[in-house]
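# Per-entry structural report
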Amino acid sequence: MIRVPTCVLSSFEPPQVRNGHSLDLFVQIGSLTKTLTATVLTALAGRGALSLDDPLESFLPAPEGTGITLRHLAEHSSGLPRLPPGIGGRDPYAAFDAQALDAVVRRLDTLVTAPAGTTDEYSNLGYALLGAALVAATHTPYEELLHRHVLAPLGVTDVAAEPPSGRRLCRRGLFGQPERPWTMTGAILPAGGLWATPEATAALVTSLLVDRRLGEPAPAWQKTGRLLWHNGATGGASVFAGAAPQGWILVHRLSGRSATTDRLALETFRRFIDARSQQV
């Protein structure tokens, strides 16, 4: 039986760290990155630097007439497909650099699968474009935007696109050697390329969803009933984070099987909620 390194942090019990996981080493957080990118968007909109309803072509050389706005990208209603064209292989995003993104932007009208605002389709491509638009609108690198508008105001460190190699925790292969993680420092970064320690990730979740220190949660967060949540996965890591009035939870596993991570998080969350309801 394979013992998957697992870390569970919550408002219900002390941190649970099993099978070689760590609270203070950097791990890939995959698409949980999107919630931070969307928080940068709302922060810039709140300062008047841009509007959520600005068209994408105001910032990037996209064809006119797509009707895609920054809000559409943030809410996954742009009509764009889930993945950029040509993605695949063992390191699927390695070749998706700024030049590749620019080529996609210039033929965006050929990629849309539905008119903007008419359907919901989760899109990594959409968030890559959103990040590029924020960079273009402010003439500021993505990581600087993230630090200035999210991390510094919250006092959170240990979040990075390229953490020190000695502080990275990666899944290990059959013979115990660390596996090479996906390359996600290129154009895909705003959609899923960040690393963070579980402690830093938990601080972000509680600051954004529980204490709401930066205002209402950004539009990237998914909603199921009263639960606000988001998950994420790369080839060797998966994460689920969520909060409801009853509490919050964060689960990270060194496995790309996101469905298992989601299930563990939700089952743990429900178990503690049920236990509390029986005590009332």
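Structure's up top.
Residues numbered from 1 in each chain as written. Predicted model: local features only at pLDDT ≥ 70, side-chain atom pairs only at ≥ 80, totals over all residues. Heavy atoms only, no water.

## A short note on helix α5 (residues 142-154)
For α5, with 13 residues, the first-to-last C-alpha span of 17 Å sits near the 18 Å given by 1.5 Å per residue. The largest bend along α5 measures about 40 degrees and falls at Arg 148. Against α1 (33-46), α4 (124-138), β4 (159-160), α6 (189-192) and α7 (198-210) lie the buried residues of α5. Immediately downstream of α5, the backbone of Gly 155 shows phi near 70 degrees, a positive value. (Helix = DSSP H or I, 4+ residues; strand = E, 2+ residues; numbered from the N terminus. Expected span 1.5 Å × (residues − 1). Bend = angle between axes of the 7 residues up to and from the residue. Contact = heavy atoms within 4.5 Å.)

## Concerning the packing of α1 against α5
The N-to-C vectors of α1 and α5 enclose an angle of 70 degrees; their axes lie 9 Å apart at closest approach. Viewed along their axes, α1 and α5 adopt a mutual orientation that is roughly perpendicular. The hand of the α1/α5 crossing is left-handed. The segment α1 lies against α5, with Thr 33, Leu 36, Thr 37, Thr 39, Val 40, Ala 43 and Leu 44 engaging Tyr 142, Leu 145, Leu 146, His 149 and Val 150. (Axes fitted to C-alpha atoms, helices over the stretch in contact; angles between N-to-C directions. Parallel < 35°, antiparallel > 145°, perpendicular 65-115°, else oblique. Left-handed = near helix turned anticlockwise from the far one by under 90°.)

## Observations concerning the environment of Gln 16
Mapping Gln 16 onto the fold places it in strand β2 (residues 16-18). Through-space distance from the C-alpha of Gln 16 to that of Gly 89 is 34 Å; in sequence the pair is 73 residues apart. When neighbours within four sequence positions are excluded, Gln 16 is seen to be in contact with Thr 6, Cys 7 and Val 8.

## Structural notes on the pattern of salt bridges
As enumerated under the stated definition, the model contains six salt bridges in all. Note that Asp 158 and Arg 167 form a salt bridge whose closest N and O atoms lie 3.3 Å from each other. Note on Arg 167: relative accessible area 30%, which makes it partly exposed. Across the pair Arg 171 and Glu 179 runs a salt bridge, and its minimum N-O distance is 3.0 Å. According to the relative accessible area criterion, Arg 171 is partly exposed, its value standing at 29%. (Salt bridge = Lys/Arg side-chain N within 4 Å of Asp/Glu carboxyl O. Buried < 20%, exposed > 50% of the residue type's maximum accessible area, 1.4 Å probe, protein only.)

## Digging into the side chain of Asn 231
Residue position: Asn 231 is located in strand β7 (residues 227-233). Asn 231 sits in the buried class, given a relative accessible area of 18%. At 2.9 Å, the side chain of Asn 231 forms a polar contact with the side chain of Asp 262. Once you skip the residues sitting within four places of it in the chain, Asn 231 turns out to touch Ser 31, Leu 32, Val 239, Phe 240 and Asp 262. (Polar contact = N/O pair within 3.5 Å; in protein donor to acceptor, adjacent residues only side chain to side chain.)

## Topic: α7
A rise of 1.5 Å per residue sets the reference length of α7, with its 13 residues, at 18 Å; its end C-alpha atoms lie 17 Å apart and thus fit the reference within 8%. Extensive coverage of α7 is indicated by the burial of 10 of its 13 residues. Those residues of α7 not exposed but buried are Pro 198, Ala 200, Thr 201, Ala 202, Leu 204, Val 205, Thr 206, Ser 207, Leu 208 and Leu 209. Residue Arg 212 follows α7 closely and has a positive phi angle near 50 degrees.

## Some details on the packing of aromatic side chains
Applying the stated criterion across every chain yields a total of four aromatic pairs. Taking 5.5 Å as the distance between ring centres and 70 degrees as the angle between the ring planes, the aromatic pair formed by Phe 12 and Phe 269 counts as edge-to-face. Separated by 257 residues along the polypeptide, Phe 12 in the loop between β1 (6-10) and β2 and Phe 269 in helix α8 (residues 258-279) bring together distant segments of the chain. A relative accessible area of 14% places Phe 12 in the buried class. Considering the side-chain rings of Phe 12 and Phe 272, the 5.1 Å spacing of their centres and the 0 degrees angle between planes classify their relative orientation as stacked. With a gap of 260 residues between them, Phe 12 in the loop between β1 and β2 and Phe 272 in helix α8 connect regions that are remote in the sequence. Phe 272 matches Phe 12 in its accessibility class, with the two residues each being buried. Through a chain of ring-to-ring contacts, three or more aromatic side chains come together here, namely Phe 12, Phe 269 and Phe 272. (Phe/Tyr/Trp six-rings, centres within 6.5 Å; stacked < 30°, edge-to-face > 60°.)

## Regarding the packing of α1 against α4
Taken N-terminus to C-terminus, the directions of α1 and α4 make an angle of 35 degrees; their axes are 10 Å apart at the nearest point. For α1 against α4, the interelement crossing comes out left-handed. Facing α1, whose interface residues are Lys 34, Thr 37, Ala 38, Val 40, Leu 41 and Leu 44, α4 presents Asn 124, Tyr 127, Leu 130, Gly 131, Leu 134 and Thr 138. By residue class, the composition of the contact of α1 with α4 is seven nonpolar, four polar and one charged. (Nonpolar A, V, L, I, M, F, W, Y, C, P; charged D, E, K, R; others polar.)

By themselves, these figures tell us nothing about what the structure is for.
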